[in-house]
Amino acid sequence: MSDRPSLARSREELVALLAPARAQGSRVGYVPTMGALHEGHASLVREARAQVGESGRVVVSIFVNPLQFAPGEDLDRYPRTLEADLDLCAAEGVDVVFAPSPEEVYPGGVAAGETSETTTVDPGPLATQLEGRVRPTHFRGVLTVVAKFFGLVRPDVAVFGQKDYQQLVLVRAMATDLCMGVDVIGAETVREPDGLALSSRNRYLDSEQRFEAASLNLVLRAAQESAQWGQDVALESARAELRRTKGIDLDYLEIRAADLSPLPAEVPEGTEARILIAARLGSTRLIDNLPITLGASRAPEAQEGVR
Ligand code: PAF
């Protein structure tokens, strides 16, 4: 195991730990997390390292952000595993871990879904769609904390997982629209051998739910494999796969443009799009998505023989 990374608990400690890197003109790569780190996070750290090189500094933040949870969501039971997280960061060669308290991040006060601070980030209309229909205040919380952390870390590049695809799109839009000067990279989703996307919430699943959770990826892959016949066929293939599952309570299953804008009924051959799913297994809510390349929609008779 490599040396433990330097641990900053306060804003001042973080700024002091990064000062030498800034003085030397080293690049800073940043991976924001809520902890409970797993191989998916490790792959984000490796991407950050690849972006900044050996002379750069890689910073990971570990903070369960109350503002992005609604009252009644899993804020209190969200796993907090700092010692194991520091071990993973050490093994991946992270230079600095920033693990602040809620008071440090929100001196004005914070609770689930609310803060008494005056300024928060308005994530715009996309934040009311897909995840936002079920979690209307979620992305305001995400963008507000990411903006705070960008301001403190001042990274050259920040790496987010594609598993939270809507989050990635919104963070990228914020960085561009608010001229934050951060290059936002989306790293590929890491999966279990049966296709389940790694997530800190997978640990809530019992063995039956864990078995069934792999179906989410099968549903998305059914769409991916039939996307050449157009979006209607792709969506119907996904729905057919979903009908074969048990115990999955669907929130949404949608095909959107790569920037998550709604797609018109007819799209040109080769349109790059995204299929996204959110579903509950018992009380656990999981999300996943895949890129799909759409063929032009065909007349129904041309679709015969396609499941
Ligand atoms: O994806 C996450 O873990 C969180 O939403 C993030 C980006 C760390 C903000 O709290």
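Residues numbered from 1 in each chain as written. Predicted model: local features only at pLDDT ≥ 70, side-chain atom pairs only at ≥ 80, totals over all residues. Heavy atoms only, no water.

1. Topic: unusual backbone geometry
In the Ramachandran plot, Ala36 falls in the positive-phi region, its phi being about 50° despite a non-glycine side chain. Here Ala36 shows up in the loop between strand S2 (28-33) and helix H2 (39-52). Within the chain, Leu260 stands out as a residue other than glycine whose phi angle is a positive 70°. Relative to the elements of secondary structure, Leu260 occurs in the loop between strand S9 (249-257) and strand S10 (271-281). Classification of Leu260 as buried rests on a relative accessible area of 1%. (Helix = DSSP H or I, 4+ residues; strand = E, 2+ residues; numbered from the N terminus. Buried < 20%, exposed > 50% of the residue type's maximum accessible area, 1.4 Å probe, protein only.)

2. Brief notes about the site of the ligand
Around the ligand sit Pro32, Thr33, Met34, Asn65, Gln68, Val145, Phe160, Asp164 and Gln167, and that is every residue in its neighbourhood. Gln68 places a side-chain nitrogen or oxygen 2.6 Å from an oxygen atom of the ligand. Across the complex, the protein chains shield 87% of the 290 Å² of accessible surface that the ligand would expose by itself. Residue composition of the shell around the ligand, by class: four nonpolar, four polar and one charged. (Near = heavy atom within 4 Å. Polar contact = N/O pair within 3.5 Å; in protein donor to acceptor, adjacent residues only side chain to side chain. Areas by Shrake-Rupley, 256 points an atom, 1.4 Å probe, with all protein chains shown as cover. Nonpolar A, V, L, I, M, F, W, Y, C, P; charged D, E, K, R; others polar.)

3. Some thoughts on the confidence of the model for the chain
Per-residue confidence for the chain gives a mean pLDDT of 95, with 96% of residues at or over 70. Residue range residues 299-307 is modelled with pLDDT below 50. Its contacts to residues more than four positions away, or to other chains, number ten contacts. (pLDDT = per-residue confidence, 0-100. Contact = heavy atoms within 4.5 Å.)

4. Quick word on the sheet that holds S9
Taking strand neighbours across the sheet as the criterion, the three strands line up as S9-S10-S11 in an open arrangement whose pairing is antiparallel. Each of the sheet's edge strands pairs with one partner strand only, and the pair in question is S9 and strand S11 (284-294). Sheet twist, expressed as the mean angle between neighbouring strand axes with direction ignored, is 15°. Relative to S11, S10 runs antiparallel, the two being bridged by eleven bridges. In the strand pairing of S11, Glu272 is matched with Thr293. Together, S9, S10 and S11 form the strand contacts of helix H9 (residues 215-226), whose direction differs from that of S11 by roughly 15°. Contacting S9, S10 and S11, helix H10 (residues 231-243) crosses the sheet at an angle of about 160° to S9. (Pairing = 2+ DSSP bridges. Axes fitted to C-alpha atoms, helices over the stretch in contact; angles between N-to-C directions.)

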